[in-house]
Amino acid sequence: MFKYIFINILCVLFSLTLFAQANLNQLTEAELADHLINQTCGIDTENALKTKLSAKKIQAVEPLLIKVYEDGPSKAEMGAFEKNCKQRYDMIQRALKSGRSYGLSKEDLDFARKQSWEDFYALEKEKFVYNSRSQALTALARTRGEQGMKTLNKAAQSKSDLQKSAKAALKLIEN
């Protein structure tokens, strides 16, 4: 009985995996670009890169991914990020005003208390934009399309701060 249940569970999981991969081709280009960017942060080279996208989907989604790499997140994404960031900043400031040390030294607490919203946001924004652009490069490795490969190779040859990300994305393809 246990073997039967176990085999059924494996069959269901396998079919769900196939179903999920097949549905990537049914997403709109914007949804697919968002999925590829947001699902590549901790990329699993054994599974994530094996997802097969249709040539038509690749041609449609690559310009969106290249735009994120070149320009960073959209205005809408930046707006949502800023709102979320403001909530985190306010929460941190409230926590710091509670008088608890949270295991931080007096110097660290003083530094955190003095940090302005503008300074906090500038640092968080820089990290968010960098991560989005880096993830777009990894997403281009998943598409393996002509324009994406050109962009990855160009980024890997550049002296930009994303050169390492591009090289890592290209290395994922080799495996």
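Going by the structure above, here's the rest.
No experiment lies behind these values; they were computed from the predicted model shown.

Novice: How should I be thinking about the overall build of the protein chain in this particular structure?
Specialist: Helix and strand content of the protein chain: eight helices and zero strands. Put simply, the protein chain runs from its N terminus to its C terminus through helices and strands in the order α-α-α-α-α-α-α-α. Split into buried and exposed, the 175 residues of the protein chain put 34% on the buried side. With an accessible surface of roughly 11,800 Å², the protein chain has 58% of that area assigned to carbon and sulfur atoms.

Novice: When you look at the nonpolar core in this model, what are you seeing that I'm missing?
Specialist: When a protein is soluble and globular, its nonpolar side chains tend to lie buried together. Leu 65, Leu 137 and Leu 152 are the most contacted members of the largest nonpolar core, which totals 22 residues. When residues of this core are traced back to their parent elements, those giving at least two are α2 (29-38), α3 (55-71), α6 (117-143), α7 (146-157) and α8 (163-174). In this structure Leu 137 touches Tyr 69, Leu 152, Ala 155, Leu 162, Ser 165, Ala 166 and Ala 169, once residues within four positions along its chain are discounted. Counting residues in each nonpolar core, the second largest holds seven residues, with Cys 85, Tyr 89, Trp 117 and Tyr 121 among its members.

Novice: I would appreciate a short explanation of unusual backbone geometry in the present structure.
Specialist: Both trends apply: most residues other than glycine have a negative phi, and most peptide bonds are in trans. At Tyr 102, a residue that is not glycine, the phi angle is positive and equals roughly 55°. Within the secondary structure, Tyr 102 sits in the loop between α4 (75-97) and α5 (106-114). The partly exposed category is assigned to Tyr 102, whose relative accessible area is 43%. Phi angles above zero are rare outside glycine, and Arg 144 is one such case at about 55°. Structurally, Arg 144 is set in the loop between α6 and α7. Classification of Arg 144 as partly exposed rests on a relative accessible area of 41%.

Novice: Looking at this model, I keep getting lost on α8. Mind explaining?
Specialist: Side chains three or four residues apart in an α-helix point the same way, a direct result of the helix having 3.6 residues per turn. With 12 residues, α8 ought to run about 16 Å at 1.5 Å a step, and its terminal C-alpha atoms sit 17 Å apart, in line with that. The set of residues buried in α8 consists of Ser 165, Ala 166, Ala 169, Leu 170, Leu 172 and Ile 173. Angularly, the buried residues of α8 cover 150° about the axis, an arc narrow enough to put them on a single face. In α8, those exposed residues whose orientation departs by more than 90 degrees from the buried face are Lys 164, Lys 171 and Glu 174. Looking at the buried residues of α8, the elements they touch are α6 and α7.

Novice: I would appreciate a short explanation of the pattern of salt bridges in the present structure.
Specialist: Two side chains bearing opposite charge may form a pair once their charged atoms approach each other closely. Considering all chains together, one arrives at six salt bridges under this definition. In this structure, Lys 67 engages Asp 71 in a salt bridge whose closest nitrogen and oxygen atoms are separated by 2.9 Å. Here Asp 71 and Lys 67 lie together in helix α3, a separation of four residues that amounts to about one turn. Residue Asp 71 is classed as exposed on the basis of its relative accessible area of 52%. For Glu 124, the salt bridge identified is with Arg 88, shortest N-O distance 3.3 Å. Here the residue Glu 124 occupies a position in helix α6, and Arg 88 occupies one in helix α4, the gap between them amounting to 36 residues.

The rules we used
Residues numbered from 1 in each chain as written. Predicted model: local features only at pLDDT ≥ 70, side-chain atom pairs only at ≥ 80, totals over all residues. Heavy atoms only, no water. Helix = DSSP H or I, 4+ residues; strand = E, 2+ residues; numbered from the N terminus. Buried < 20%, exposed > 50% of the residue type's maximum accessible area, 1.4 Å probe, protein only. Areas by Shrake-Rupley, 256 points an atom, 1.4 Å probe, with all protein chains shown as cover. Core = buried A, V, L, I, M, F, W, Y, C linked by side-chain atoms within 4.5 Å. Contact = heavy atoms within 4.5 Å. Expected span 1.5 Å × (residues − 1). Arc of directions from axis to C-beta. Salt bridge = Lys/Arg side-chain N within 4 Å of Asp/Glu carboxyl O.

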